[in-house]
Structure formats: C-alpha cells, structure tokens
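Listed below are the residues making up each chain.
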Amino acid sequence: FAPLHLAQLAIEPIARTSGCIVMMSSVAGVVAAPRMGAYAASKFALEALSMALRAEVATRRIGVVVVRPGPVDTPFREHAVTSARNGVEPGVRPPGAKVQTPDQVAARTLRAVARRRAVVETSLFVRISSLTARIAPAAFRAISARWHGVALAFLNPGLKSSHLGCSLPVMPNSMGLASETSPSV
C-alpha cells in the first residue's frame with residue numbers, strides 16, 4: 001500500500017519540521033457510487049489509514065490532512081472503462097457535471113495544510129454528498145443509483161452483477177461457493 005509506505009518513510013523528516021502529510025482522497029472515500037466500487041474501496045482505505053496515522057503522530061506535532069475533491073478537470077475519467085447506459089456516454093461523469101480545476105483543489109489543499117485541518121472537502125458538491133450519505137444513507141443510495149443509471153439490485157432480483165458495470169469479477173462467497181460469474185472452485 002504505497003500511501004502507507006510513503007508516510008512511514010516521511011515521518012522522521014516531517015517530524016523534524018513539524019510538517020504535514022497530505023493524503024489525496026476523494027468524495028469516493030466517504031460515498032461509494034455505482035460502478036466505482038474498487039476506486040471507492042481504495043479511498044475508504046486511505047481515509048482509515050489517515051485517521052489512524054493522525055492519532056499515531058499527534059504527539060510528534062505532525063499534521064495529517066485528508067483532501068476530498070469531487071470531479072476534477074483531468075484526463076482521469078476519460079480513461080474509465082464503462083459501458084453506455086440509458087443514453088449516458090461511457091465513463092462515470094454524468095453529462096453536465098460541474099468540475100473543479102486542479103488549481104482550485106491545490107489552493108484548497110494549501111489552505112487546509114496552513115490551518116492544519118484534518119479534512120478538507122473541496123466543493124459544495126462534495127460537502128452535500130458526504131453529509132447526505134451520512135444522515136440519509138438510503139435516500140443517498142437511491143439518488144446515486146438513479147443518477148448513475150443503475151437499477152438497485154433489490155428492485156430487480158434478476159439483475160446480474162455483470163449488468164452493474166463492476167470493474168472487478170465476482171469472487172467466491174464466504175462459504176467458498178462460486179457465484180454466477182466467478183471461476184469454478
């Protein structure tokens with residue numbers, strides 16, 4: 001896990017200057033949207049690592065800042081591999097989505113470091129998404145599924161995981177039984 005290893009390498013030099021470790025997370029670190037499960041899992045892990053690290057280095061005067069941007073105007077999403085659904089082009093950015101520039105995210109990051117904020121959510125979209133997911137999770141899941149054009153599995157029991165645009169194959173379940181799309185065990 002590269003962020004952990006890099007943080008471990010940086011702790012001593014940063015401690016000498018009472019510096020700060022910046023972890024670049026995402027709104028996906030607190031909100032798992034359809035077709036972004038693997039990415040969200042990596043960002044949820046980064047959030048947990050940051051929380052633990054912040055507690056571990058607090059007595060050494062090292063800051064740990066988590067940055068949660070939403071959509072940023074970079075080529076990241078152009079390379080997403082998804083299929084078209086409900087008239088939405090391949091990729092994960094909905095048509096007309098508002099994006100931040102990398103400079104806007106950088107400015108908010110620098111401000112958070114200067115203020116030693118534990119977390120910075122870089123846009124109103126991120127703050128609303130994060131808050132809604134925490135206080136009304138069922139409503140957020142329904143909105144997110146509709147926004148991404150994915151039917152909720154409990155509404156369509158015949159829906160196969162391959163229809164969901166998941167980027168990871170379905171693996172054997174905890175009982176060791178293969179699911180419909182996993183290799184035979």
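As the structure is a prediction and not an experimental result, all values here were calculated from the model. (Residues numbered from 1 in each chain as written. Predicted model: local features only at pLDDT ≥ 70, side-chain atom pairs only at ≥ 80, totals over all residues. Heavy atoms only, no water.)

> Outline the sheet that holds strand E2 (residues 63-68), listing residues and values.
Strand order in the open sheet formed by three strands is E1-E2-E3, with parallel pairing between adjacent strands. Only two strands of the sheet have a single partner each, and these edge strands are strand E1 (20-24) and strand E3 (119-121). If you compare each strand with its neighbour and ignore which way they point, the axes differ by 20° on average. Against the sheet, helix H2 (residues 37-57) touches E1 and E2, its axis set at about 160° to E2. (Pairing = 2+ DSSP bridges. Helix = DSSP H or I, 4+ residues; strand = E, 2+ residues; numbered from the N terminus. Axes fitted to C-alpha atoms, helices over the stretch in contact; angles between N-to-C directions. Contact = heavy atoms within 4.5 Å.)

> So what about helix H3 (residues 102-115)? Which residues, and what values?
Relative to the 20 Å expected for 14 residues at 1.5 Å per residue, H3 spans 20 Å between its end C-alpha atoms, a close match to the ideal helical length. Listed in full, the buried residues belonging to H3 are Val 105, Thr 109 and Ala 112. Along the axis of H3, the buried positions cluster into a sector of 65°, meaning they face one direction only. Away from its buried face by more than 90 degrees, H3 exposes Asp 103, Leu 110, Ala 114 and Arg 115. At its buried positions, H3 is contacted by E1, E2 and E3. A positive phi of about 55° marks Arg 116, the residue just after H3. (Expected span 1.5 Å × (residues − 1). Buried < 20%, exposed > 50% of the residue type's maximum accessible area, 1.4 Å probe, protein only. Arc of directions from axis to C-beta.)

> Which residues make up the nonpolar core, and what values go with them?
One finds Ile 11, Ile 21, Met 23, Leu 53, Val 57 and Ile 62 to be the most contacted residues of the largest nonpolar core, which totals 13 residues. Secondary structure elements with two or more residues in this core: helix H1 (2-17), E1, H2 and E2. What Leu 53 contacts, discounting residues up to four positions off in sequence, is Ala 7, Ile 11, Ile 21, Met 23 and Val 64. Listed in part, the seven residues of the second largest apolar core include Val 67, Val 105, Ala 112 and Val 120. (Core = buried A, V, L, I, M, F, W, Y, C linked by side-chain atoms within 4.5 Å.)

> I'd like a rundown of the confidence of the model for the chain, residues and numbers included.
Mean pLDDT over the chain: 77, with 68% of residues reaching 70 or higher. Long-range and interchain partners of residues 150-157, a stretch whose pLDDT sits below 50, account for 10 contacts in this model, where long-range means more than four residues apart. Below a pLDDT of 50 lies the segment residues 159-185, which in the model reaches 31 contacts outside its immediate sequence neighbourhood of four places, other chains included. (pLDDT = per-residue confidence, 0-100.)

> Give me the pattern of salt bridges: which residues, what numbers.
According to the stated counting rule, one finds three salt bridges in the structure shown. Glu 12 serves as the salt-bridge partner of Arg 60, at 2.9 Å between the closest nitrogen and oxygen. A residue pair is termed long-range when its members are at least 10 positions apart, and Arg 60 in the loop between H2 and E2 and Glu 12 in helix H1 qualify at 48 residues. Residue classification places Glu 12 among the partly exposed positions, given a relative accessible area of 42%. Between Arg 68 and Glu 47 there is a salt bridge, with the nearest N and O atoms lying 2.8 Å from each other. (Salt bridge = Lys/Arg side-chain N within 4 Å of Asp/Glu carboxyl O.)

> Give me the lowdown on the environment of Val 67, citing residues and values where you can.
Mapped onto the elements, Val 67 comes out in strand E2. When its relative accessible area of 0% is taken as the criterion, Val 67 is described as buried. Residues Val 67 and Ser 26, 41 residues apart in the sequence, show an inter-C-alpha distance of 6.8 Å. Discounting chain neighbours no more than four positions away, the residues touching Val 67 are Val 22, Met 23, Met 24, Ser 25, Ser 26, Val 105, Thr 109, Val 120 and Thr 122.

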